[in-house]
Amino acid sequence: MTKQTIKAYFQLTRLNRPIGIYLVLWPALWALWLAADGNPPIDTVIIFILGAIIMRSAGCVINDYADRHLDGHVSRTCARPLATGQLSDKQALLFFTILVLLGFGLVLLLNSLTIWMSLGAVLLATLYPFMKRYTYWPQAFLGAAFAWAIPMGFSAVQNQVPWQAWVVFSVTLVWALIYDTAYAIADKEDDLKIGIKSTAILFGNQVQWVIGFFQLIMLSGLVWIGQLFELGTVYHLALIAVCGLFGYHQYLLSKNDPAQAFKAFLNNHWVGLVVLVAIIGDQSLAG
């Protein structure tokens, strides 16, 4: 295997752009800390961290496979390895299979319920890239794929998935609608040319205000999570910081500039990190 081929595989995983890992990982860690009341098993935490890295990488591979005939027509993606022919379709599918098997190997270290639930994660990760051809809501499928770590986290710790876990799942899904719609704004012009659907296209000139509506829903959901899991002052004060971040994102979106919308997307991972730190800090003080 040549150095150039290795570099192409690395580019396919987008490990050099860890934003996607953060957006998967932070909610997964929310789940572990909430499920374990502030004291998750360290080995489970490590498994989920590695799993987030591996499965996000696998998701990028299958996404680029699905879009291999489209990426060449989009300015932001035209240099991807499958679009340029640096890697073949067969190489990409084999690499995806290897990554999924590595991820499944990690899950085998957990309980049987979590093992069965991991099949849903693979299904969602495989399904999502193809949805942009059929629905204006592919961001909802991405949200479900990213949020699936929530019920898996609860099942790994509690060997059950209580109904409260699905509240956290729903909040995470709404969050994906927020940041991935901002992401889609950056590609809107190219997507319209090649017939790709997205929420950014669906919402049109009202996209900023719809994102604001989703932000309000997410904030309400985060307050509800605080009540459900009896989180205190530290957590609720941190939600003020989340409001500030959302306000900054609205400012970026108001510029009606794809580059600024993409900046808002990238900045969204701080929302997840602030919530995680708030959960850990609040539970540590309570303990």
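The rules behind the values
Residues numbered from 1 in each chain as written. Predicted model: local features only at pLDDT ≥ 70, side-chain atom pairs only at ≥ 80, totals over all residues. Heavy atoms only, no water. Helix = DSSP H or I, 4+ residues; strand = E, 2+ residues; numbered from the N terminus. Rg over C-alpha atoms; globule rule 2.2 N^0.38 Å. Buried < 20%, exposed > 50% of the residue type's maximum accessible area, 1.4 Å probe, protein only. Areas by Shrake-Rupley, 256 points an atom, 1.4 Å probe, with all protein chains shown as cover. Lys, Arg positive; Asp, Glu negative; His and termini not counted. Charge placed at Lys NZ, Arg CZ, Asp CG, Glu CD. Salt bridge = Lys/Arg side-chain N within 4 Å of Asp/Glu carboxyl O. Contact = heavy atoms within 4.5 Å.

1. Considering the overall build of the protein chain
On a plain count of helices and strands, the protein chain comes out with 14 helices and 0 strands. Its helices and strands taken in sequence order, the protein chain reads α-α-α-α-α-α-α-α-α-α-α-α-α-α from the N to the C terminus. Taking 2.2 N^0.38 as the reference for a compact globule, 287 residues should give roughly 19 Å; the C-alpha atoms of the protein chain span a radius of gyration of 19 Å, in line with that estimate. Buried positions account for 56% of the 287 residues belonging to the protein chain. Working note: accessible area of the protein chain is about 13,100 Å², and carbon and sulfur atoms make up 65% of it. With 16 positive and 14 negative side-chain charges, the protein chain shows a separation of 10 Å between the mean positions of the two kinds.

2. What about the environment of Q260?
Mapped onto the elements, Q260 comes out in helix α13 (residues 258-267). C-alpha of Q260 to C-alpha of Y183: the two residues are 77 residues apart in sequence and 9.9 Å apart in space.

3. Digging into the pattern of salt bridges
Summed over all chains, the structure comprises 6 salt bridges. Of the charged contacts, one joins D67 and R133 as a salt bridge, the two residues approaching to 3.5 Å between their closest N and O atoms. Of this pair, D67 sits in the loop between α3 (42-66) and α4 (81-84) while R133 is found in the loop between α6 (112-131) and α7 (138-147), placing the two residues 66 residues apart along the sequence. Residue classification places D67 among the buried residues on the basis of a relative accessible area of 5%. E189 is paired through a salt bridge with K193; the nearest N and O atoms lie 3.9 Å apart. With E189 and K193 both in helix α9 (residues 163-194), this residue pair falls 4 residues apart, about one helical turn. The class of K193 is exposed, set by a relative accessible area of 62%. A cluster of three or more residues bridged by salt bridges with shared partners is formed by R14, D64 and R80.

4. Notes on helix α8 (residues 149-158)
Since the α-helix turns once every 3.6 residues, residues separated by three or four places project in the same direction. Counting buried positions along α8 yields 8 of 10 residues, so the element is predominantly enclosed. What α8 keeps buried is the set A149, I150, P151, M152, G153, F154, S155 and A156. Those residues of α8 hidden inside the fold are in contact with α2 (19-35), α3, α5 (89-107), α6, α7 and α9. N159 lies just past α8 and shows a positive phi near 60°.

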